[in-house]
Amino acid sequence: MEHEILLDVRHLTHIFPLSRKTAVKAVDDVSFQIRRGEIFGLVGESGSGKSTAARCVMNIYQPYAGQIYYKGIDTCDRGQFRKNKKMLQCERQIIFQDSTSSLNPRMKVKDILSEPFRIQHITPKRGTLSAEAAFQLTYVGLDNSYLEKYPSELSGGQRQRVAIARALAMEPEVLLFDEPTSALDPQMVGEVLSVMSTLAKEGMTMLVVTHEMAFAKEVSDKVIFMADGVIVEEGSSSDIFEHAKKEQTKEFLNRFHTNL
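Here the structure is a predicted model, which means the values were calculated and not measured.

Asker: Got a minute to help me understand the environment of Phe81 in this structure?
Answerer: As for its placement among the helices and strands, Phe81 is situated in helix α2 (residues 78–83). Distance from Phe81 to Asp185, taken between C-alpha atoms, is 38 Å for residues 104 residues apart in sequence. When near neighbours in sequence (up to four residues on either side) are disregarded, Phe81 contacts Asn59, Asp74, Thr75, Leu88 and Arg92.

Put into structure tokens, the structure is as follows:
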């Protein structure tokens with residue numbers, strides 16, 4: 001039985017105006033589907049349009065054209081979005097590239113992890129906010145001593161794990177990772193990969209935006225390679241990394257010395 005389509009992106013186009021007369025087309029007629037339980041890699045160089053496409057998917061940007069359906073809801077339609085706002089905000093979570101700017105430096109980890117429950121007026125499953133925070137932290141491999149720490153006292157990998165824990169607190173259906181490892185050293189990349197592989201085993205649906213090919217190969221089931229705002233090639237992870245058909249894809253892989 002085929003898994004249900006959670007995200008259905010159709011003919012997505014996004015334009016950034018540079019001045020009154022000129023604009024850049026960052027995403028140009030991009031379509032793809034993500035099924036429940038899939039880990040979907042959106043790869044390409046900086047400026048390829050992959051992060052813009054992902055931010056449209058998460059309603060951070062309002063697309064210039066196209067439709068984005070989540071569980072059949074047209075999230076670009078203002079009326080449908082408003083009607084389903086709480087569900088959409090809880091079920092779709094994003095982990096940004098730079099956890100330093102996404103975590104409030106004046107809040108302790110325990111308060112960072114409790115904040116989504118306060119904002120959404122949700123009662124934590126584990127009874128109290130502190131018990132919920134401790135549970136989520138343990139899940140990403142950090143013990144309770146980190147609850148009292150501030151983001152500045154953590155390593156980059158630890159901060160990213162706190163950001164993941166905060167996202168998971170809402171029990172999302174889809175997690176978007178936007179360049180989650182680009183600011184990390186190799187050991188810290190391993191920490192984030194470890195959490196993601198645990199999530200994958202539990203069937204979490206993930207959209208991973210990255211230009212780091214070794215990381216994409218490690219985590220993705222399906223891959224789309226983007227350049228200049230369009231999809232150049234798409235297929236399974238092995239199709240793209242071992243049997244790329246398009247010259248542009250091959251050149252990109254060779255240039256990054258990924259030995260794939």
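Further notes follow.
Asker: Whenever I open this one, the side chain of Glu132 confuses me. Can you help?
Answerer: When you line up the elements, Glu132 lands in helix α6 (residues 129–139). Excluding its chain neighbours within four sequence positions, the residues that come into contact with Glu132 are Phe117, Pro124, Lys125 and Arg126.

Asker: Got a minute to help me understand the pattern of salt bridges in this structure?
Answerer: In total, this model carries 13 salt bridges according to the counting rule given. Measuring nitrogen to oxygen at the nearest pair gives 3.1 Å for the salt bridge that ties Asp178 to Arg55. Remark: Arg55 occurs in helix α1 (residues 50–57) and Asp178 occurs in strand β7 (residues 174–178); sequence separation between them is 123 residues. For Asp178, a relative accessible area of 3% corresponds to the buried category. The partly exposed category is assigned to Arg55, whose relative accessible area is 22%. Among the ionic pairs, Lys71 bridges to Glu173, the shortest N-O distance being 3.7 Å.

Calculation criteria
- Residues numbered from 1 in each chain as written.
- Predicted model: local features only at pLDDT ≥ 70, side-chain atom pairs only at ≥ 80, totals over all residues.
- Heavy atoms only, no water.
- Helix = DSSP H or I, 4+ residues; strand = E, 2+ residues; numbered from the N terminus.
- Contact = heavy atoms within 4.5 Å.
- Salt bridge = Lys/Arg side-chain N within 4 Å of Asp/Glu carboxyl O.
- Buried < 20%, exposed > 50% of the residue type's maximum accessible area, 1.4 Å probe, protein only.

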